[in-house]
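Residues per chain are reported as follows:
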Protein chains: 2
Amino acid sequence: MSGRGGVRQEKVAATREAILAAAEQLFAEHGVYNISNRQISNAAGQGNTAAVNYHFGGKTDLVRAIAARHTEQIERIRVRQVARTEGSGELRDWVACMVRPLTEHLEALGSPTWYARFNAQVFADPALYDAVVPETMASPSLRVLLDGLNACLPGLPADVKADRGVMARHLIVQMCVERERALADNAPLAHPTWSALASGLIDALTGLWNAPVSPRP
Amino acid sequence: MSGRGGVRQEKVAATREAILAAAEQLFAEHGVYNISNRQISNAAGQGNTAAVNYHFGGKTDLVRAIAARHTEQIERIRVRQVARTEGSGELRDWVACMVRPLTEHLEALGSPTWYARFNAQVFADPALYDAVVPETMASPSLRVLLDGLNACLPGLPADVKADRGVMARHLIVQMCVERERALADNAPLAHPTWSALASGLIDALTGLWNAPVSPRP
């Protein structure tokens, strides 16, 4: 019995894996709201077009499951980098902790990837954002990172800090999309590697965070 | 005869106007590729569902016509601001020429607007980008602006300059989307006015352009 149960569990895991991979690619290329569960089931090689519903329920749960696989891996990279960075008073080091876990994860996935385009949709859509991002933000390494960053910016007003945080997020998300799409289309690349993109972003974001604040009316 | 021709021309102009307004809103809220010409014709109050095809041909021509209305108005604002700025050696002044024509245009439209979300899709989609953006880039005021900006950054390598140009574009486009969406959803606003958003962006982008460049491997 336990042997048969084990085989069944493996089969379920393989089906879930196939669905997650197919959904991520279809979502990235066509948009989360343009793809039906039926199309995902087909692309995942499931004869039963209700396979997605059976394994994941609604679209939000599916999006959450795709995101979770990536954020776990990104979190592992970030934990290591934050541990190396703790105690640093250099803004640049903390900005690197914000940028490199994502670019190293994309590098490790090997081309083509779909995660950057998938992730941009999660950040752009209020419903998907609420379903995915707050949970991610609860990560302890992210807390340490934000404390480290804040400690380097003692004079920056809280609202400007929040505003620049939003800007940093858009910049990281969009620049990764730009490179991922160029790789997918065999288009000319602005950077030879994900690491080179990260360096450019870290320079730029360090400048952005450090920029003087104009007097406000 | 000429009287009847004039009435007919006015009717055509009103129909085109209704179609452009309906299409812009539907595209912004649902995505350019999720909206059919039939849906636009209906929303524009056209009994004939082929009205969009008749007046604009394909979707690309419709997108181009929507963009053209806005870029003409943005260009008028930019021409004035660039004329005031010519001769300045201050990076910040040129960054302001890059940011304020868009935010002043959005302010002038009055809430709700759809252009920021429409524009983000044009920038994110390679086919729409090619159909719309190169034409916009031919504007003489933009040429003067970029020359002015470049003159303030004599030591910056060309590839870093190009990279930061892409970053600046993403930041301006995405931050305007963020505010436009918050206004549409009656959500809390990060900035009291479009002008306050522009000030924050100008500070941040001046820091971004001025950031030192790390040595590259």
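Coordinates for the structure precede this section.
Residues numbered from 1 in each chain as written. Chains lettered and ligands numbered in written order. Predicted model: local features only at pLDDT ≥ 70, side-chain atom pairs only at ≥ 80, totals over all residues. Heavy atoms only, no water.

Draft legend 1. Helix 5 (residues 91–109) of chain B, seen in detail. Residues and elements named next belong to chain B. Taking 1.5 Å as the rise per residue, helix 5 with 19 residues should run 27 Å; its terminal C-alpha atoms sit 28 Å apart, in good agreement. If you look at helix 5, its biggest bend is around 35°, right at Val99, and the proline Pro101 turns up within four residues after that. The complete set of buried residues in helix 5 reads Leu91, Trp94, Val95, Ala96, Cys97, Val99, Arg100, Pro101, Leu102, Thr103, His105 and Leu106. Looking at the buried positions of helix 5, the neighbouring elements they touch are helix 4 (59–85), helix 6 (115–124), helix 8 (140–151), helix 9 (158–184) and helix 10 (194–210). Gly110 sits one or two positions beyond helix 5 and adopts a positive phi of about 75°. (Helix = DSSP H or I, 4+ residues; strand = E, 2+ residues; numbered from the N terminus. Expected span 1.5 Å × (residues − 1). Bend = angle between axes of the 7 residues up to and from the residue. Buried < 20%, exposed > 50% of the residue type's maximum accessible area, 1.4 Å probe, protein only. Contact = heavy atoms within 4.5 Å.)

Draft legend 2. Broad picture of the nonpolar core. Residues Phe27, Ile40 and Leu62 of chain A together with Phe27, Ile40 and Leu62 of chain B are the most contacted members of the largest nonpolar core, which totals 124 residues. Excluding anything up to four places from it in sequence, Ile40 of chain A contacts Ile19, Ala22, Ala23, Leu26, Phe27, Ile35, Val52 and Leu62 of chain A. (Core = buried A, V, L, I, M, F, W, Y, C linked by side-chain atoms within 4.5 Å.)

Draft legend 3. Molecular detail of unusual backbone geometry. All names here are of chain A. A cis amide bond links Ser111 with the next residue in sequence, Pro112, at an omega value of 0°. With respect to the helices and strands, the residue Pro112 is situated in the loop between helix 5 (91–109) and helix 6 (115–124). At Asn186, a residue that is not glycine, the phi angle is positive and equals roughly 50°. In this fold, Asn186 is placed in the loop between helix 9 (158–184) and helix 10 (194–210).

Draft legend 4. Here's a closer look at the environment of Val132 of chain A. Residue and element names in this part refer to chain A. Structurally, Val132 is set in helix 7 (residues 126–137). Classification of Val132 by relative accessible area gives buried; the value is 8%. On a C-alpha basis, the gap between Val132 and Thr60 in space is 8.8 Å, while along the polypeptide they are 72 residues apart. Setting aside anything within four residues of it in sequence, one finds Val132 in contact with Val63, Arg64, Ala67 and Val122.

Draft legend 5. Broad picture of the pattern of salt bridges. Residues and elements named next belong to chain A. Applying the stated criterion across every chain yields a total of 16 salt bridges over all chains. Residue Glu17 pairs with Arg69 through a salt bridge whose shortest N-O separation is 2.6 Å. Highlighted residues: Glu17 in helix 1 (residues 2–30) and Arg69 in helix 4 (residues 59–85), separated in sequence by 52 residues. Among the charged side chains, a salt-bridge network with shared partners connects Asp61, Arg64 and Glu135. (Salt bridge = Lys/Arg side-chain N within 4 Å of Asp/Glu carboxyl O.)

Draft legend 6. Representation of the interface of chain B and chain A in the model. On the chain A side, the residues contacting the 26 residues of chain B number 26 residues. Roughly 2,200 Å² of surface becomes buried between chain B and chain A when both sides are summed, with 56% attributable to carbon and sulfur atoms. Measuring nitrogen to oxygen at the nearest pair gives 3.6 Å for the salt bridge that ties Glu178 of chain A to Arg169 of chain B. Seen at the junction of chain B and chain A, the total is 11 residue pairs in polar contact (both at pLDDT 80 or more). Counting residues per element, the ones that place at least two in the side of chain B that touches chain A are helix 9 and helix 10 of chain B. The element best represented in the side of chain B that touches chain A is helix 9 of chain B, accounting for 11 residues. Each residue belonging to the side of chain B that touches chain A can be placed in one class, and the counts come to 12 nonpolar, seven polar and seven charged. (Buried area = accessible area lost by both parts, 1.4 Å probe. Polar contact = N/O pair within 3.5 Å; in protein donor to acceptor, adjacent residues only side chain to side chain. Nonpolar A, V, L, I, M, F, W, Y, C, P; charged D, E, K, R; others polar.)

Draft legend 7. Quick peek at the relation of the copies chain B and chain A. In the superposition of chain B on chain A (RMSD 0.0 Å, axial shift 0.0 Å), the rotation amounts to 180°. Expressed as a symmetry operation, the mapping of one chain copy onto the other fits a two-fold axis. Taken as a fraction of all interface residues of chain B, those also at the interface in chain A reach 100%, which identifies the copy contact as same-surface. (Least-squares fit on C-alpha atoms with pLDDT ≥ 70 in both.)

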